[in-house]
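Residue strings, one per chain:
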Amino acid sequence: MTSKPSASDKLRAACAALPARQQPEWPDAAEVERVSDELRALPPLVVATECDQLRDRLAAAAGGEAFLLQGGDCAETFASVTAEQVRAKVEVLLQMAVVLTYGASVPVVKLGRIAGQYAKPRSNGTETVGGVALPSYRGDAVNSAEPEEAARRPDPRRMLRAYNAAAQTLNLVRAYATGGFAGLHRVHAWNADFVGSSPMFQRYEDMAADIDRALAFMRACGVDLEAGPVGSVELFASHEALLLAYETALVREERGRLYDLSGHLVWVGERTRQLDGAHVELASRIANPVAVKLGPTTTPEDALALAERLDPDGDPGRLSMVVRTGAARVRDVLPPIVEKVEAAGHRVVWVCDPMHGNTFESANGFKTRRFDDVVEEVTGFFEVHRTLGTVPGGVHVELTGDDVTECLGGSHAIGDEHLPFRYETACDPRLNASQSLELAFLVAEMLQRR
Ligand code: PEP
Ligand code: MN
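Residues numbered from 1 in each chain as written. Chains lettered and ligands numbered in written order. Predicted model: local features only at pLDDT ≥ 70, side-chain atom pairs only at ≥ 80, totals over all residues. Heavy atoms only, no water.

Let's shift gears to the overall build of the chain. Scanning the chain for helices and strands turns up twelve helices and 14 strands. Rg of the C-alpha trace for the chain: 21 Å, near the compact-globule value of 22 Å for 450 residues, within the 12% margin. Among the 450 residues that make up the chain, the fraction classed as buried is 57%. For the chain, the proportion of contacts with a sequence separation of at least 24, taken over those separated by at least 6, is 76%. For the chain, the accessible area works out to roughly 17600 Å², and carbon and sulfur atoms hold 51% of it. In the chain, 47 side chains carry a positive charge and 63 a negative one; their mean positions are 3 Å apart. (Helix = DSSP H or I, 4+ residues; strand = E, 2+ residues; numbered from the N terminus. Rg over C-alpha atoms; globule rule 2.2 N^0.38 Å. Buried < 20%, exposed > 50% of the residue type's maximum accessible area, 1.4 Å probe, protein only. Contact = heavy atoms within 4.5 Å. Areas by Shrake-Rupley, 256 points an atom, 1.4 Å probe, with all protein chains shown as cover. Lys, Arg positive; Asp, Glu negative; His and termini not counted. Charge placed at Lys NZ, Arg CZ, Asp CG, Glu CD.)

Okay, structure coming up:
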């Protein structure tokens, strides 16, 4: 007996009928179908009411009453699903958030690039490792980074491992967010893993001491600090909705609407934002808050067309536009985009991704970014919004809680020669904990002046 297609069946069919870039060449289509069936039978990773909550928070960010901090790995790996690594990422996000909240007196919406960031778009289908051309690594949900032909073959069963890795990660994230770990009385403890010599360590300690004094004052006044917003945080999860077989299998109908319950927010990347493509179709049909990345070649017309597709009702918080032009272009490219989209009545969250437009190869062959370029792009972003009288709504950064050496500069003055020490990313170079904190202090100053 064949039953009537459900709303999520129809969504899957609609996406399957459209061109989709950046999909793996799965060797066995039947196996992809079997995996999709298995995923569809599994419980969702998040629930719809949480997505609605995030949408409300993002509406506040669109209006300037909150600020979005979105950050995490470029590519999560299955191997990095450990208590230590997840905790370190949560810690650095909490530290950055408290710096922003304290420095600028604005609520911070905390959104990890976490628990789902297992698939990557690639500029080239092949990459050369040690002189050998191999199929590109496309994220742990697709193939293995190991430089072997066989390891690089896309394996659909990896999507099930991605689901499990996301579930394990979310379990920890939720525990850290609400189980006492994230309480403001622990503001010092999040700094404990920090390299003691870091200038950022001391700056943070000074701020934490001020917060302690404020908390002691409130406690003395009879405020119960363990309860309510001071004792726990809201921490949401996001990733790029790239792998259509995975994402569409996690679309569920709730209260008459479709949600992609693989994460709270999903975004469409710079390489897959074609108006007539499957990724935009998927994002247009789900009720989650969604985002789209806009690179330096985006025209104001492109941006408006995306806003009309993804935010047809002009709902604040529904759509975030994550602009990543590079430090050199932001002051030219961003203004006409913002003007066009705002004039049409869309209250989007304007987000600055100061990472992806500033990537280059160091003299010694590492894909890297300069901390100064990152800061410069955020500075330009704030300047543009100040000039236009519009709202700089958030930042989107690639970071890790670990003490890696992947991006140049910062208070430790990482140079080319330091890159080989701890270059651990599975894809793009990330800010380390110290650079992330330094960026947060600088953004807090910009926020105060916005
Ligand atoms: C990313 O966020 O890792 C990414 C690939 O970004 P973009 O789509 O902006 O290139
Ligand atoms: Mn990246």
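Here the focus is the coordination of the manganese ion (ligand 2). Of the protein atoms, only Cys 74 (SG), His 356 (NE2), Glu 398 (OE) and Asp 428 (OD) coordinate the manganese ion (ligand 2), at distances of 2.1 to 2.4 Å. Each donor residue of the manganese ion (ligand 2) lies on the same chain, and together they follow the pattern C-x281-H-x41-E-x29-D. Linking Cys 74 in the loop between strand 1 (67–72) and helix 4 (83–104) with Glu 398 in strand 14 (residues 392–398), this pair joins segments that are 324 residues apart in sequence. The two residues Cys 74 and Glu 398 agree in class, both being buried. (Donors = N, O, S within 2.8 Å, 3.2 Å for Na, K, Ca; no water.)

Core analysis: the largest hydrophobic core is formed by 119 residues, its most contacted members being Tyr 204, Tyr 246, Met 321, Trp 350 and Leu 439. Among the elements that take part in this core, helix 4 stands out by supplying eleven residues, more than any other. With sequence-adjacent residues up to four places away left out, Trp 350 is seen in contact with Met 321, Val 323, Ile 337, Val 338, Val 341, Glu 342, Phe 381, His 385, Val 391, Pro 392, Gly 393 and Gly 394. Of all hydrophobic cores here, the second largest spans 15 residues; its members include Leu 58, Ala 66, Phe 236 and Trp 267. (Core = buried A, V, L, I, M, F, W, Y, C linked by side-chain atoms within 4.5 Å.)

In this section: the packing of aromatic side chains. Centre distance and the angle of the planes are the two values used to describe a pair of aromatic rings. Scanning the model with the defined rule gives five aromatic pairs in all. A ring pair is formed by Tyr 176 and Phe 181, whose centres lie 4.7 Å apart and whose planes are at 50°; its orientation type is tilted. Note on Phe 181: relative accessible area 12%, which makes it buried. Ring centres of Phe 381 and Phe 382 lie 5.8 Å apart, and the angle between their planes is 85°; this geometry places the pair in the edge-to-face category. Overall, Phe 382 belongs to the buried group, its relative accessible area being 6%. Ring-pair connections join several aromatic residues into one group, and the members of that group are Phe 67, Phe 381 and Phe 382. (Phe/Tyr/Trp six-rings, centres within 6.5 Å; stacked < 30°, edge-to-face > 60°.)

Quick look at helix 8 (residues 278–285) now. In terms of burial, helix 8 is a largely internal element, six of the eight residues being buried. Listed as buried for helix 8 are Ala 278, His 279, Val 280, Glu 281, Leu 282 and Ala 283. Residues of helix 8 that are buried in the fold lie against helix 1 (7–16), helix 7 (244–249), strand 6 (251–254), strand 8 (265–268), strand 9 (290–294) and helix 9 (300–310).

Our focus in this paragraph is unusual backbone geometry. If a residue is not glycine, its phi is most likely negative; likewise, a peptide bond is most likely trans. Phi is positive for Ser 105, which is not a glycine, with a value near 50°. Tracing the sequence through the fold places Ser 105 in the loop between helix 4 and strand 2 (108–113). The phi dihedral of Ala 413 falls on the positive side, at around 50°, and the residue is not glycine. Counting through the fold element by element, Ala 413 comes out in the loop between strand 14 and helix 12 (433–449).

Most of strand 1 is tucked away, with six of its six residues classed as buried. By the alternation rule, side chains of strand 1 split into Phe 67, Leu 69 and Gly 71 and Leu 68, Gln 70 and Gly 72, which are all buried. Crossover connection from strand 1 via helix 4 to parallel strand 2: handedness right-handed. In the sheet, strand 1 pairs with strand 14 via five bridges, with the strands oriented parallel. Opposite Leu 69, over in strand 14, you have Val 395 as the bridge partner. (Right-handed = clockwise from strand over helix to strand, strands pointing away. Pairing = 2+ DSSP bridges.)

The next point concerns the pattern of salt bridges. Tallied over the entire structure, the rule returns 31 salt bridges. Here Arg 55 makes a salt bridge to Asp 315, at a shortest N to O gap of 2.9 Å. Remark: Asp 315 occurs in the loop between helix 9 and strand 10 (319–323) and Arg 55 occurs in helix 3 (residues 48–62); sequence separation between them is 260 residues. Looking at Arg 55, the relative accessible area reads 14%, which means it is buried. Residue classification places Asp 315 among the partly exposed positions, given a relative accessible area of 30%. Between Lys 367 and Asp 428 there is a salt bridge whose closest N-O contact spans 2.7 Å. With Lys 367 in strand 13 (residues 367–368) and Asp 428 in the loop between strand 14 and helix 12, this residue pair connects regions lying 61 residues apart in the sequence. Relative accessible area serves as the criterion here: at 33%, Lys 367 is assigned to the partly exposed category. (Salt bridge = Lys/Arg side-chain N within 4 Å of Asp/Glu carboxyl O.)

Honestly, it's all geometry; don't read function into it.
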